[in-house]
Every structure is written in structure tokens, then in C-alpha cells.
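# A closer look at the structure
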Amino acid sequence: MVFDAHMHVGDFPMFGVSLDGPGLQTAMDEAGVDDGVVFHPDNDLVARTVSELGSVHALFWANPRIDNVVAECSRLLDREEFVGVKLHPLLDGYHPNDPAVHPIMEVLRDQGGAALIHCGHPIFTLPWSIEELVVEFPDVPVILGHMGHGNIIYINAAIDVAERNANVYLETSGMPMHTKIVEAVHRVGRERVLFGSDAPFHDMMVELLKVRRSGLSDDDLEWVEGRSAEQLFLGR
Ligand SMILES: [Zn+2]
């Protein structure tokens, strides 16, 4: 079972990439990915995509600057295919621990689900800033997307934050140092490290190969490729 914990659909002209539902299915089939979570600021597009494909799950894109975000979040998390939220403090422009984020975390605490938070760019998505939110909600699982991204200081800090806080998970997409995946498994446990591709911004097969070539034992690899995410998102 391979589960991709970080997938996008939609058009992204700033990056020169786009991916629709059938394109996502093709990428998953090519890479041998069985399931995953997909998201986009347009939550209706995501709802349509997951019902079209039938084989993937969704995260609700929670922008605390949008008026009815809490009610919408609660409504969509009631649906079986929505298994958590995506927060992008950098793109949407807010501090992760802004009080406006707290009602969203309360929905997760009450209805169940994890928060995937983009992690690795100043000023809003550095691991230490996200930790301020993490300690406020110790019962809500928080995934550091990209586990610090491309900067060794931030990557190390992401692993430190996960080591200090039992509710923090690390997701591998876009993070270039395969050796840090092994270190993360050893320091925080294989059940808290998740494979993610960040498709279409990164290639799904390349991102999966990075995890497979990282030097994990077969047992640990099985968890990072899918079992960790299955347990976290699907509760099995
Ligand atoms: Zn992403």
C-alpha cells in the first residue's frame, strides 16, 4: 500500500504546471500509488475530483481569512472522503498560531482529522512558528509538509519539533536530503514519517524513489510509504 500524503489538483500558472483528476490518476497509476490526500484552495473542485476518482481522499483547504471557513470545514469533514485540513500560512498570509487558526484546530480536535501545514519558508512557515500552534493543540496531529523543505537548518528544526512533540508528523516531499528521512525515522519513529510527492510541483515517481533509496529497512519503508498515513488518516 503506497499512500501519497501531499497531492494537488488544479492550474498553477505561477509554476507553469497543472493537473486534473484524470491526470492525477495517471500519475498515481504510473508511480504505483494506491491512495493519497489531494487539495486545492477551491474545495468544491477537490470534492468533485475525489468523487470522480473514487480512490483518493481529500484535505479541506482552510484559509482562516475566509469568512465562513470554520462552518465549511466542519461540513466537509463530516464527509468520509475528507480526512483533515491543509493550511498554507505562506500563501494565504498569516502566522500559524494566529487566533483565527484556533477554531479550525478545534474542528479537527472535535471531529477528528490531521492538519498538513506547509513547512520550510520564512516568514510564516518555519518549524518554530508552527510549533507554537502544535503545543496549543497537543491532541491534533500536525504534519510538517516538506519537513523543512530545502534548507538544512529548517530540516533539522522540523525533526527537532517532531521529536519534542508527539503530535507532529514529517512529510517528505520536496526535501532533497534522503539521509534525513532515515534520521527522522530513527529520531521520531517510522509511524510519524510520511511519504508525500507534492505532485505536480514534484514528480511522483522521483519523490517515491527518493524515499526508497534513502536506506530505510524494508519494514520501515513499508510504514513511510503507506502504513503511517493509513493509520493517521484512515485510522487503520
Ligand atoms: Zn504542496
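A short tour of the structure in this document, coming up. Every value quoted in this text rests on a predicted model; they were computed, and no experiment measured them. (Residues numbered from 1 in each chain as written. Predicted model: local features only at pLDDT ≥ 70, side-chain atom pairs only at ≥ 80, totals over all residues. Heavy atoms only, no water.)

## Digging into the pattern of salt bridges
Rule in force here: We define a salt bridge as a side-chain nitrogen of Lys or Arg found within 4 Å of a carboxyl oxygen belonging to Asp or Glu. A helix here means a DSSP run of H or I that spans at least four residues, while a strand means a run of E at least two residues long, and both kinds are numbered starting from the N terminus. Accessibility here uses a 1.4 Å probe with only protein chains present; expressed as a share of the type maximum, an area under 20% marks a residue as buried, one over 50% as exposed, and anything in between as partly exposed.
Counted by the stated rule, this structure contains 13 salt bridges. The salt bridge involving E183 is made with K180; its shortest N-O contact spans 2.7 Å. Taken together, the residues E183 and K180, both in helix α8 (residues 178-188) and 3 residues apart, mark about one turn of the helix. Among the residues examined, E183 registers a relative accessible area of 25% and is labelled partly exposed. K180 sits in the buried class, given a relative accessible area of 10%. Among the salt bridges present, the one from R236 reaches E230, with a minimum N-O distance of 3.1 Å. For E230, a relative accessible area of 16% puts it in the buried group. Linked by salt bridges that have partners in common, D160, E163, K180, E183 and R187 make up one network.

## Focus on the packing of helix α9 (residues 204-212) against helix α10 (residues 218-234)
Put simply, the test is: For helices, the fitted line uses only the C-alpha atoms of the stretch in contact; every axis is such a line through C-alpha atoms, and the angle between N-to-C directions lies from 0 to 180 degrees. With respect to orientation, any angle under 35 degrees is reported as roughly parallel, any angle over 145 as roughly antiparallel, any angle of 65 to 115 as roughly perpendicular, and every other angle as oblique. By convention, the crossing between two helices is left-handed when the near helix turns anticlockwise from the far helix through less than a right angle, and right-handed when the turn is clockwise. Any two residues whose heavy atoms approach within 4.5 Å are treated as being in contact. Residue classes follow a fixed rule: Ala, Val, Leu, Ile, Met, Phe, Trp, Tyr, Cys and Pro count as nonpolar, while Asp, Glu, Lys and Arg count as charged, and any other residue, Gly among them, counts as polar.
Relative to each other, α9 and α10 sit at 150°, their axes nearing to 10 Å. When the axes of α9 and α10 are compared, the pair comes out roughly antiparallel. Between α9 and α10 lies a crossing of right-handed hand. Residue-level inspection shows L208, V211 and R212 of α9 in contact with α10, the latter providing L221, V224 and E225. Tallied by class, the residues present in the contact of α9 with α10 amount to 4 nonpolar, no polar and 2 charged.

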